[in-house]
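What follows is each chain in one-letter form.
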Amino acid sequence: MASSSWLFCLCLCMGMAVLYASSLAHGQCHESQRSLLLLLKHDFNSTIWGNKIKSWDPTQDCCGWAGVTCTNGYVTGLDLSGEGIDEGFSGSSPLFELRNLTTLNLAVNVFSTTIPPSFAKLGNLVHLNLSAAEFEGQIPIEISTLTRLETLDIGSNVGLELYNPNLSTLVGNMPNLVKLRLSYVDLYSQSSDWCQVLSSSAPHLQLLDLSSAGLAGPIHPSLGKLKSLSTIDLSRNSFSQPSPGLFSNFRNLTYLNLAQSVSGKFQWSILQLPTLRYLDLSENSDLEPGNFPSTIRNSSLETLILKSTHFSKNIPDSIGQLRILSKLDISECHLSGEIPKSFSQLTRLVSVGMSSNALTGLIPTFSQARSLRELDLSYNLLQGSLLSIDWKQLSHLEVIRLSGNSLSGTIPTSLFGIPTLQQALLAENHFTGFTKDSITPSSQLHVLAINLNDLQEEFPSFIFGLQGLQELYLSNNNFGATLHLNSLRRLKDLTSLYLSHNLEVLDLSYNKLENAIPYELGLVSGQRFKAINVSHNELTGSIPTSFGNLTRLESLDLADNKLSGSIPKQLARLTYLSYFNVSNNQLVGRIPKGSQFRKVTQASFEGNKGLCGYPLKKKC
């Protein structure tokens, strides 16, 4: 009996030990670790954005705290990224006593200090992220002692420099380095052997980001020895022509960004690389037009950005062979000719940018690109109608920019029934009207520009349903007397005004508007108007006294109409008014005496024979 009792106690003790060890393995925090974290919370008590540190509850197991990871009760991972910590920390910070840390993320904070040399105490670190944390000054040599690092991210710290140690010293003892980000770190003093340094010191490198680092000169072919590279970002530097075929030899390459960094001839054979998904060569104005491949097979390219790069005279038809392309930006590339019909085969497009070229012909149908969200063909020489496109199929469209072309005919009203549409810029064309489709106007549309067209028909009533509208541009058209602006008189709930109570600028100048200015226009809920321009029309009647309610108004232009009566004295309430023009009307009586009118020149009142008072010479 005694032996069985002894055996039971032994099993019980062993079971408790196993449970205790299991709890530690799953993270129950040692008291020493808890104390260090609480000291750290005290040091980092001021955060702008995040709540991780603020949520640390001393009554709870610290291994369950936000951003904390434990192994056997010791803190091995700490993620305080995005907290907006605006307290600098020194080498005496309790952070550096967490000696078991293997992962540390302090990205996106506001330290505004140098990187403490005490990072050398964290010799077990494998992943270190100090990006966008507003560190400044020289990167300390102590970082080079972290020989176990696989990830080193010190990028996006604009005030950081690397000259002593240099790049060779920094990474020379990091043979396991897989990811290196030094974007915006000043590497200007580095010699041109940075390629050789990386290829010999970090042979397993998979990600390299040296964007905006002040590098110059040639890209040495030794970079090609880094066969595992899949992500390369060398953008915004000053390299000369890359070695022929250099980037095409990276058989694992998925991402390449050389924006604003290279010149001369470029080897477009990289488009044949089956692994490549992202290519950005934008803003390379000195890049010479090369031999763009006429055939591209088995491409995985999803993003192609060539903005402001003279890569070809015409749009290569082979771009239409990039069947899984989702983003294309070839704006400002001096392109001419027609948009290839093969583009209709790009069914996965999400964003298309071809603005500011000299493209001619018709807009191809993008109806099969059912996920299209942004279409920008503005400022070209495109002609024809918009009626050939089935806009209802583009049910995810958010932005359409077609301004500055020679498009004509009627604007399909169905376009404004797309529920996701947020911005429609159709200005500076030759549109004459709208189709009569019945639609439910998009409540998401914030910006509508149809100014500088030949719109002559009845003002489209659907605009009154665009309740989310913030900016509306209608000037320089020929809208007739039936403009539905007069329908405001029948509206009982002015918060549903077609321009919405958030509208700040109303410009209806240079049209053919007749009848009186609606009194209700001065009763817009919220009184948010800052500028009203209805000049150069044929408006009659008096200036509404309700305009005195628009207390935020800074500019009021009623010139060149047929307005009569006096200038309402209620306008003296408009203390922010800095521009006022009622010239060339039929107004009479005394000019109000508000201080704002004393800043207005005589020219703003001329052409009204019945007006008197300052600043006119005619006395009342």
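So, how was this worked out
- Residues numbered from 1 in each chain as written.
- Predicted model: local features only at pLDDT ≥ 70, side-chain atom pairs only at ≥ 80, totals over all residues.
- Heavy atoms only, no water.
- Helix = DSSP H or I, 4+ residues; strand = E, 2+ residues; numbered from the N terminus.
- Contact = heavy atoms within 4.5 Å.
- Disulfide = S-S within 2.5 Å.
- Buried < 20%, exposed > 50% of the residue type's maximum accessible area, 1.4 Å probe, protein only.
- Domains from an automatic or database assignment.
- Buried area = accessible area lost by both parts, 1.4 Å probe.
- Salt bridge = Lys/Arg side-chain N within 4 Å of Asp/Glu carboxyl O.
- Polar contact = N/O pair within 3.5 Å; in protein donor to acceptor, adjacent residues only side chain to side chain.
- Nonpolar A, V, L, I, M, F, W, Y, C, P; charged D, E, K, R; others polar.

Quick word on the environment of Asp557
At step 1: Tracing the backbone through its elements, the reader meets Asp557 in strand β32 (residues 555-557).
At step 2: Note: C-alpha distance between Asp557 and Ile53 (504 residues apart in sequence) is 55 Å.
At step 3: When neighbours within four sequence positions are excluded, Asp557 is seen to be in contact with Ile532, Asn533, Val534, Ser535, Tyr579 and Asn581.

Focus on the state of the cysteines
At step 1: Summed over the entire model, instances satisfying the criterion amount to 3 disulfides.
At step 2: Shown here is the disulfide that connects Cys29 with Cys62, its sulfur atoms set 1.8 Å apart. Its torsion about the S-S bond being 80°, the disulfide of Cys29 and Cys62 is classed as right-handed. Note that Cys29 is positioned in the loop between α1 (2-25) and α2 (31-43) and Cys62 in the loop between α2 and β1 (68-71), a separation of 33 residues in sequence. Residues Cys29 and Cys62 agree in their burial class; the two are buried.
At step 3: In this model Cys612 forms its disulfide with Cys620; the gap between the sulfur atoms is 2.0 Å.

Here's the deal with the domain arrangement of the chain
At step 1: When cut into domains, the chain gives domain 1 (252-369), domain 2 (385-503) and domain 3 (537-619).
At step 2: Contacts between the two partners involve 6 residues from domain 1, matched on the other side by 7 residues from domain 2.
At step 3: Between domain 1 and domain 2 the total buried area reaches about 500 Å² when both faces are included, carbon and sulfur atoms providing 65% of it.
At step 4: Contact with domain 2 buries area across many residues of domain 1, yet Ile363, Phe366 and Ser367 alone supply 77% of it, more than any other trio.
At step 5: Here domain 1 is connected to domain 2 by 0 salt bridges.
At step 6: Counting across the domain 1 and domain 2 interface gives 1 residue pair in polar contact (both at pLDDT 80 or more).
At step 7: Class assignment for the residues of the side of domain 1 that touches domain 2 results in 4 nonpolar, 2 polar and no charged.

Describing unusual backbone geometry
Excluding glycine, residues mostly carry a negative phi; peptide bonds, for their part, are mostly trans.
At step 1: With omega at 15°, the peptide bond leading from Asn164 into Pro165 counts as cis.
At step 2: In this model, Tyr614 is joined to Pro615 through a cis peptide bond whose omega is 10°.
At step 3: Checked against the element boundaries, Pro615 lands in the segment after β36 (610-612).
At step 4: In the Ramachandran plot, His334 falls in the positive-phi region, its phi being about 60° despite a non-glycine side chain.
At step 5: Along the chain, His334 turns up in the loop between β18 (327-329) and β19 (336-338).

Quick notes on helix α4 (residues 194-201)
At step 1: Burial of α4 is extensive: 6 of the 8 residues sit out of reach of the surface.
At step 2: If you check which residues of α4 are buried, you get Trp194, Cys195, Val197, Leu198, Ser199 and Ser201.
At step 3: Of the surrounding elements, those touching the buried residues of α4 are α3 (167-171), β8 (179-181), β9 (207-209) and β12 (238-239).

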